[in-house]
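Understanding the architecture of this molecule
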Amino acid sequence: MKILIVGLVKNSQIVRLQEEGEKRGHKVEGCYTNELVIETGSDFFNPTLRGKSLKNYDLIYLWSAGKRRWEWYTACLYLWEKFGSIIINKKCISPEYNFYLTPAIDYYLQVKNKLPFPRSAIIFSTKSIDSVIKDFNFPLILKTSGGRQGKGVFKIEDKDALKNKSDELFKVSPSLVIREFIPNDGDIRIFTVGYKTIAAMKRIPTQKGEFRSNISQGGRGENFNLDDYPKIRDIAEKASKIMETEIAGVDIIIDKKTRMPYILEINPGPQFTGLEKYTKVNAAKKIIEYFEEVKHAIIP
């Protein structure tokens, strides 16, 4: 197969996917999200990588589409409909997801399917804070709607700080999420491929005063045995399937007081080199094998 990974270039993850792909006879390439060009006229629609045809790829995995997500989703919808290109994750070409602008659809589907997540409010203006703040206690979490790897996520201690930080973040994000703070000693990243768990690790903050446990933010990882917590595995797998996210990093936090689990995020472009390091699971191989499985299901 000829495989394109959108948003992965010159880093350890694309190298690992290329290594495992080559072992199995596949060519794996990466591209920057801003390489997309869409040429169109009254009788043609042609998405390319600056002139390089996209229809020649058997499978396209949108690891990250960044600020160009809407154009990438549309390009991939066209490639799927016109040429039968395989698109990972399916939510990128799903009519239910294709044009969503905030996390609202994710929250709605989690409510609809009775999945646990912290109380949250999506706002589009700082002026909306007064209408929702009565339902939250400080400290609370404020995050941009498109934040990843712990970026754009802040712990807020009072109302003045909330308004000031919201004013700042609205300059770069069309919407913000206010979320209740769940006391914890780290979170659990469950990595699912094809809606099935392949590994899990616990991520623990190592810096004093840091509430984020992301490895990219300096957190420490350790293997997490889900056999002792089957409920967490079930939540993660159900969430990835409901969100049509075939390759997902489902982040779950456990309340220190109640021991109740809550979904923090279903990440469609999860980092996996840390997972491989701490769990010894060959995640890159699992991903390539899943690509093969999808391909064979379409063309036996």
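For the structure given in this document, a descriptive report is provided here.

Thresholds applied
- Residues numbered from 1 in each chain as written.
- Predicted model: local features only at pLDDT ≥ 70, side-chain atom pairs only at ≥ 80, totals over all residues.
- Heavy atoms only, no water.
- Helix = DSSP H or I, 4+ residues; strand = E, 2+ residues; numbered from the N terminus.
- Expected span 1.5 Å × (residues − 1).
- Buried < 20%, exposed > 50% of the residue type's maximum accessible area, 1.4 Å probe, protein only.
- Contact = heavy atoms within 4.5 Å.
- Arc of directions from axis to C-beta.
- Pairing = 2+ DSSP bridges.
- Axes fitted to C-alpha atoms, helices over the stretch in contact; angles between N-to-C directions.

Points about helix α6 (residues 230–242)
Under the 1.5 Å per step criterion, the end-to-end length of α6 is 18 Å for 13 residues, consistent within 8% with the ideal 18 Å. Within α6, the full set of buried residues consists of Ile 232, Ile 235, Ala 236, Glu 237, Ala 239, Ser 240 and Ile 242. Among the structural elements, α3 (104–112), β12 (187–193), β13 (196–204), β15 (247–254) and β16 (261–267) are those in contact with the buried residues of α6. Taken from the residues just after α6, Glu 244 is the one with a positive phi, measuring 55°.

Quick word on helix α5 (residues 159–169)
Within α5, the full set of buried residues consists of Leu 162, Lys 165, Ser 166 and Leu 169. Angularly, the buried residues of α5 cover 105° about the axis, an arc narrow enough to put them on a single face. Away from the buried face of α5 by more than 90 degrees, exposed residues Asp 160 and Asn 164 are located. In this fold, the buried residues of α5 make contact with α4 (129–132), β9 (140–144), β10 (153–156) and β11 (176–180).

A look at unusual backbone geometry
Note the cis peptide between Ile 88 and Asn 89, where omega equals 5°. Along the chain, Asn 89 falls in the loop between β7 (86–88) and α3. Following Phe 138, the chain continues to Pro 139 via a peptide bond in cis, the omega torsion being 0°. Along the polypeptide, Pro 139 turns up in the loop between α4 and β9. Of note, the phi angle at Glu 244 is positive, near 55°, even though the residue is not glycine.

Side note on the sheet that holds β16
Across the sheet, five strands lie side by side as β14-β13-β12-β15-β16; this open sheet has antiparallel pairing. Pairing within the sheet leaves two strands with one partner each, and these edge strands are β14 (220–223) and β16. Strand-to-strand, the axes of this sheet are offset by a mean angle of 30°, without reference to chain direction. Two elements, β12 and β15, share seven bridges in a ladder whose sense is antiparallel. The residue of β15 that forms the bridge with Thr 192 is Ala 248.

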